[in-house]
Amino acid sequence: MGKKLLLLAGDYVEDYEIMVPFQALQAVGHEVHAVCPGKKAGEQLLTAIHDFEGAQTYSEKPGHRFTLNASFDAIRAQDYDALVIPGGRAPEYLRTVAGVLPLVQHFAQAGKPIAAICHGAQLLAAAGVIRGRRVSAYPACAAEVELAGASYAQIPVDQAVTDGLLVTAPAWPAHPAWIAQFLAVLGTRITH
């Protein structure tokens, strides 16, 4: 039986980092509720596409409109089995929104699985839930990860790290790795 997952995002979330897990986790039988503070089910997020084109950092292009399927104000953290935090610019400002950090803290304190990719680690750091953990993130977030008391895992961009029930990855090229690791943490079994 599938789990009930909460996906926490905001405007200018990285396009692939919301679209791919939202669809992939549903495809294997999980129920995924995508929410954004200040927005209701049926409203949309603007996404951004981050690409690696040989510059010193990623480039950013307009993405798609992503339709939320749940309302942030209506959710109860205790109703969910796990949390997914995509990256992009959204985590940077979401950590300043009332109610967001206690939500993230609930999942950590309750011992529920959490997956964060790219800049999603900014929410984990701000919530104070990664001290003593091994955490990957986009390299520009390494200082925040370490200042929060975690060990930054400097891994290839297409890899992921699992530390207990926490799965983290540096960017969207890691989708095959982090989604597979997160499914294992969730107890999802895929047979061929």
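Relevant structure appears above.
What counts and what doesn't
Residues numbered from 1 in each chain as written. Predicted model: local features only at pLDDT ≥ 70, side-chain atom pairs only at ≥ 80, totals over all residues. Heavy atoms only, no water. Helix = DSSP H or I, 4+ residues; strand = E, 2+ residues; numbered from the N terminus. Rg over C-alpha atoms; globule rule 2.2 N^0.38 Å. Buried < 20%, exposed > 50% of the residue type's maximum accessible area, 1.4 Å probe, protein only. Contact = heavy atoms within 4.5 Å. Areas by Shrake-Rupley, 256 points an atom, 1.4 Å probe, with all protein chains shown as cover. Lys, Arg positive; Asp, Glu negative; His and termini not counted. Charge placed at Lys NZ, Arg CZ, Asp CG, Glu CD. Pairing = 2+ DSSP bridges. Axes fitted to C-alpha atoms, helices over the stretch in contact; angles between N-to-C directions. Phe/Tyr/Trp six-rings, centres within 6.5 Å; stacked < 30°, edge-to-face > 60°. Expected span 1.5 Å × (residues − 1). Polar contact = N/O pair within 3.5 Å; in protein donor to acceptor, adjacent residues only side chain to side chain. Core = buried A, V, L, I, M, F, W, Y, C linked by side-chain atoms within 4.5 Å.

Comments concerning the overall build of the chain
Here is step 1: Regarding its fold elements, the chain presents 6 helices and 11 strands.
Here is step 2: At 15 Å, the chain has a C-alpha radius of gyration in line with the 16 Å of a compact globule built from 192 residues.
Here is step 3: Each principal axis of the C-alpha atoms in the chain carries an extent, and together these give about 40 × 40 × 35 Å.
Here is step 4: Across the 192 residues of the chain, 51% fall into the buried class.
Here is step 5: For the chain, long-range pairs separated by at least 24 residues make up 67% of all intrachain contacts whose partners lie at least 6 apart in sequence.
Here is step 6: Approximately 8800 Å² of the chain is accessible, and the part contributed by carbon and sulfur atoms is 51%.
Here is step 7: A gap of 7 Å separates the mean positions of the 14 positive and 17 negative side-chain charges of the chain.

Points about the sheet that holds strand E4 (residues 44–51)
Here is step 1: What the 3 strands build is an open sheet, ordered E2-E4-E5; its pairing is mixed. The sheet terminates laterally at strand E2 (13–14) and strand E5 (59–67), the two strands that pair on one side only.
Here is step 2: Here helix H1 (residues 15–27) sits on the sheet in contact with E2, E4 and E5, set at roughly 35° to E5.

Brief notes about the packing of aromatic side chains
Here is step 1: On inspection of all chains with the given rule, the structure shows 6 aromatic pairs.
Here is step 2: When the centroid spacing of 4.8 Å and the interplanar angle of 75° are considered together, the rings of Tyr16 and Trp172 count as edge-to-face. Of this pair, Tyr16 sits in helix H1 while Trp172 sits in the loop between strand E11 (166–169) and helix H6 (175–186); the two residues are 156 residues apart in sequence, bridging distant segments of the chain.
Here is step 3: Residue Tyr16 is classed as partly exposed on the basis of its relative accessible area of 31%.
Here is step 4: Judged by its relative accessible area of 21%, Trp172 falls in the partly exposed class.
Here is step 5: Clustering of aromatic rings is evident, with ring pairs tying together Tyr16, Phe52, Tyr58, Tyr138 and Trp172.

What to know about H6
Here is step 1: The terminal C-alpha atoms of H6 lie 16 Å apart, and with 12 residues this matches the ideal 16 Å at 1.5 Å per residue to within 8%.
Here is step 2: Of all the positions in H6, only His175, Ala177, Trp178, Ile179, Phe182, Leu183 and Leu186 are classed as buried.
Here is step 3: On its buried face, H6 is in contact with strand E1 (4–8), H1, strand E6 (82–85), strand E7 (114–117) and E11.

Re the environment of Ala121
Here is step 1: Structurally, the position occupied by Ala121 is in helix H4 (residues 121–127).
Here is step 2: Residue classification places Ala121 among the buried residues on the basis of a relative accessible area of 2%.
Here is step 3: A sequence separation of 36 residues divides Ala121 from Ile85, and the C-alpha atoms of the two residues are 8.2 Å apart.
Here is step 4: If we ignore the near neighbours within four places in the chain, the residues touching Ala121 are Ala116, Val135, Ser136, Ala137 and Val145.

Here we look at H1
Here is step 1: Between its terminal C-alpha atoms H1 stretches 18 Å, which fits the 18 Å expected from 13 residues at 1.5 Å a residue.
Here is step 2: Taken as a whole, H1 has its buried residues at Asp15, Glu17, Ile18, Met19, Pro21, Phe22 and Leu25.
Here is step 3: The opening residue of H1, the one whose side-chain oxygen lies 2.7 Å from the backbone nitrogen of Tyr16, is Glu14.

Thoughts on the sheet that holds E11
Through backbone hydrogen bonds, the strands of a sheet pair up, either in parallel or in antiparallel fashion.
Here is step 1: Within the open sheet, the 6 strands sit side by side as E3-E1-E6-E7-E11-E10. Their pairing is mixed. This sheet does not close on itself; its edge strands, each paired only once, are strand E3 (31–35) and strand E10 (161–163). Ignoring which end each strand starts from, the neighbouring axes of this sheet average 20° apart.
Here is step 2: Its contacts with the sheet place helix H3 (residues 100–109) against E1, E6 and E7, and it is angled at close to 145° to E1.

Comments concerning the nonpolar core
Here is step 1: Leu8, Leu124, Ile130, Trp178 and Phe182 are the most contacted members of the largest nonpolar core, which has 65 residues in total.
Here is step 2: If you tally residues by element for this core, the top one is H6, at 6 residues.
Here is step 3: Setting aside its immediate chain neighbours within four residues, Phe182 contacts Leu5, Leu25, Ala82, Leu83, Val84, Pro113, Ile114, Ala115 and Val167.

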